[in-house]
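Architecture and fold: a report
The lines below spell out each chain.
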Amino acid sequence: MAWLYLVLAGAFEVVGVTGMNKVVKDKNLQSYIVLFMGFIISFGFLSLAMKTLPMGISYAVWTGIGTVGGVIIGMLFYGESKDWKRILFIGAILVAVVGLKLTS
């Protein structure tokens, strides 16, 4: 169950980061709600995951999911570069996260 909480924490981190981008572009109440609720829920799930999983693995996986998710959202919805090198390094992060799962 802890790994599910960790994946959810990472997914809501992506929501929070998307909210940050929305706040930069348009400072309205909805943008701030997405920002704060994304991070509040993310930290809640992260704390649940860390009751079972070690801090180092939890933090590495959480930030990995957030990083990859943020880059993918940026590429799909905000016109960020889809250069093959970016995609290669996203793959490297995903491999590292899976490796951490397999070793824990």
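Presented here is an overview of the structure given in this document. (Residues numbered from 1 in each chain as written. Predicted model: local features only at pLDDT ≥ 70, side-chain atom pairs only at ≥ 80, totals over all residues. Heavy atoms only, no water.)

1. Regarding the overall build of the protein chain
Within the protein chain, the regular secondary structure consists of four helices and zero strands. Moving toward the C terminus, one meets the helices and strands of the protein chain in the order α-α-α-α. Over its C-alpha atoms the protein chain spans a radius of gyration of 14 Å, differing by no more than 12% from the 13 Å that the globule rule assigns to 104 residues. Its C-alpha atoms put the protein chain at 40 × 35 × 15 Å along the principal axes. Within the protein chain, buried positions represent 29% of all 104 residues. (Helix = DSSP H or I, 4+ residues; strand = E, 2+ residues; numbered from the N terminus. Rg over C-alpha atoms; globule rule 2.2 N^0.38 Å. Buried < 20%, exposed > 50% of the residue type's maximum accessible area, 1.4 Å probe, protein only.)

2. Some thoughts on the packing of aromatic side chains
As enumerated under the stated definition, the model contains five aromatic pairs in all. An angle of 20 degrees between the planes, with centres 6.0 Å apart, marks the rings of Phe12 and Phe45 as stacked. Highlighted residues: Phe12 in helix H1 (residues 2–25) and Phe45 in helix H2 (residues 29–49), separated in sequence by 33 residues. Take Phe12: its relative accessible area is 25%, and that puts it in the partly exposed class. Ring centres of Phe43 and Trp62 lie 5.5 Å apart, and the angle between their planes is 45 degrees; on these two criteria the pair is classed as tilted. Here Phe43 is found in helix H2, whereas its partner Trp62 is found in helix H3 (residues 55–77), with 19 residues between them in sequence. Residue class for Trp62 comes out buried when judged on its relative accessible area of 7%. Through a chain of ring-to-ring contacts, the aromatic side chains of Tyr5, Phe12 and Phe45 assemble into a single cluster. (Phe/Tyr/Trp six-rings, centres within 6.5 Å; stacked < 30°, edge-to-face > 60°.)

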